[in-house]
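Structural description and commentary
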Amino acid sequence: MADTTAIEDHILTSIHGHILKIEMNRPEKKNAITRAMYTQMADALGSAVTDGQIRVVYITGVSGIFTSGNDVLDFMNAPNTDADGPVGRFLKAIVTFPKPIVAAVDGHAIGIGTTMLLHCDLVYAGANARFQMPFVDLGLCPEAASSLLLPGLLGHARAAEYLLLCEPFNAVQAVAIGLANVEHSSETLQEAAWAKAEKLAEKAPASIRITKQLMREGQHDVLEARLKREGEEFAARLVSPEAAEAFQAFAMRRAPDFSSFE
Ligand code: COA
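Please read all numbers here as calculations on a predicted model, not as lab measurements.

A word on the site of the ligand. With respect to spatial proximity, 15 residues lie near the ligand, and among them Lys-29, Ser-68, Asn-70, Val-72 and Arg-253 are the closest. Ser-68 has a polar backbone atom sitting 2.7 Å from a nitrogen atom of the ligand. Residue Arg-253 places a side-chain N or O atom 3.1 Å away from an oxygen atom belonging to the ligand. Contact with the protein chains removes 67% of the 860 Å² of surface that the ligand exposes when unbound.

Quick look at the structure:
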């Protein structure tokens, strides 16, 4: 069975045969991702790149919650403007990861909880999955190259529903737009997604890596450039008056008021 390491309780990693399992585990805060959690996930992915035993990575949350996205209090108190900081390192690690990543998503997948899926290879959604990218509602802007990948996946108008209006969508819609592969009941999600990870892990590992590389070839430079552009805008937005109002509103559990901004 598994060699389980709790780097910290909020990120659990365990190795099951050829599969590295990464579990976000901060249910009391709806799995909001802190700087420490990004670092732990980036480190786990980094080790998996060079560990010949690891053929597949499996990312999931806890029952009923994938992640509520970046910890909003971290946004407020420790706005991270460094590309080599925890978020930047995690994004780089997942965008460039050379082996297949399988995600099992149930409950809320907010912000980076949705955008990280654009860099996974197979995504399975539980019936309770609810995706949303409320960057604009927080006075921010898209990240993880979602400003490039979503319009490419959906066309501009559909992407605008998610990135400008910040509308949530469910598992059926996620499958329809190609963000997820299959919807499962919440009860069968983990078993079904894990079976796919095992199926991948049984295949010829070099062939799998080369195939993933070919599927992504040509995108590397454009993705890198977009990550950089988004990172610059995001850093400026984090310390903007609009974001300050949104973060205050979140802390006070009220709706933000952007009426005085130009
Ligand atoms: N950052 C920091 N804390 C968060 C959080 C986040 N992203 N998401 C949830 N929490 C905290 C809440 O503040 C609350 O803390 P408290 O118990 O100390 O008051 C706790 O987690 C439970 O959240 P709550 O809002 O009561 O749960 P809910 O079931 O009513 O709603 C969500 C769940 C995910 C819909 C809601 O918490 C939410 O919208 N979170 C913010 C999502 C977001 O904007 N993320 C940033 C994306 S860029």
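Moving on, we come to the side chain of Glu-143. Tracing the backbone shows Glu-143 in the loop between β9 (130-132) and α5 (146-154). No salt bridge forms around the buried Glu-143; measuring N to O, its nearest opposite-charge neighbour Arg-226 is 12 Å away. Setting aside chain neighbours within four positions, we find Glu-143 in contact with Gly-111, Ile-112, Thr-115, Phe-135, Glu-230 and Phe-234.

With mixed pairing, the 4 strands of this open sheet are ordered in space as β5-β7-β9-β10. Taken across any chain shown, the strands that pair with only one partner, and hence form the sheet edges, are β5 (65-67) and β10 (169-170). Where strand β7 (residues 108-110) and β9 come together, 3 bridges link them in parallel fashion. Of the residues in β9, the one forming a bridge with Ile-110 is Gln-132.

So, about helix α11 (residues 241-251). Within the sequence span of α11, burial applies to Ala-243, Glu-245, Ala-246, Phe-247 and Ala-249. Tucked inside the fold, the buried residues of α11 contact α2 (72-77) and α10 (220-238). Phi turns positive, to about 55°, at Arg-253, one or two residues after α11.

Under the counting rule described, the total for this entry stands at 7 aromatic pairs. Relative to Trp-194, the ring of Tyr-58 has its centre 4.7 Å away and its plane inclined at 75°; by these criteria the two rings are edge-to-face. You can see Tyr-58 sitting in strand β4 (residues 56-60) and its partner Trp-194 sitting in helix α8 (residues 189-202), a full 136 residues away along the chain. A relative accessible area of 17% places Trp-194 in the buried class. Both rings, one in Phe-131 and one in Phe-169, keep their centres 5.2 Å apart while their planes meet at 15°; by these two values the pair is stacked. One end of the pair, Phe-131, is in strand β9; the other, Phe-169, is in strand β10, with 38 residues separating them in the sequence. Residues Phe-131 and Phe-169 agree in their burial class; the two are buried. Grouped by ring-pair contacts, the aromatic residues Phe-75, Phe-234 and Phe-247 constitute a single cluster. Between the NZ or CZ atom of Lys-21 and the centre of the ring of Trp-194, over which it lies, the distance is 5.4 Å.

What counts, and where the lines are drawn
- Residues numbered from 1 in each chain as written.
- Predicted model: local features only at pLDDT ≥ 70, side-chain atom pairs only at ≥ 80, totals over all residues.
- Heavy atoms only, no water.
- Near = heavy atom within 4 Å.
- Polar contact = N/O pair within 3.5 Å; in protein donor to acceptor, adjacent residues only side chain to side chain.
- Areas by Shrake-Rupley, 256 points an atom, 1.4 Å probe, with all protein chains shown as cover.
- Helix = DSSP H or I, 4+ residues; strand = E, 2+ residues; numbered from the N terminus.
- Buried < 20%, exposed > 50% of the residue type's maximum accessible area, 1.4 Å probe, protein only.
- Lys, Arg positive; Asp, Glu negative; His and termini not counted.
- Salt bridge = Lys/Arg side-chain N within 4 Å of Asp/Glu carboxyl O.
- Contact = heavy atoms within 4.5 Å.
- Pairing = 2+ DSSP bridges.
- Phe/Tyr/Trp six-rings, centres within 6.5 Å; stacked < 30°, edge-to-face > 60°.
- Lys NZ or Arg CZ within 6 Å of the ring centre and 35° of its normal.

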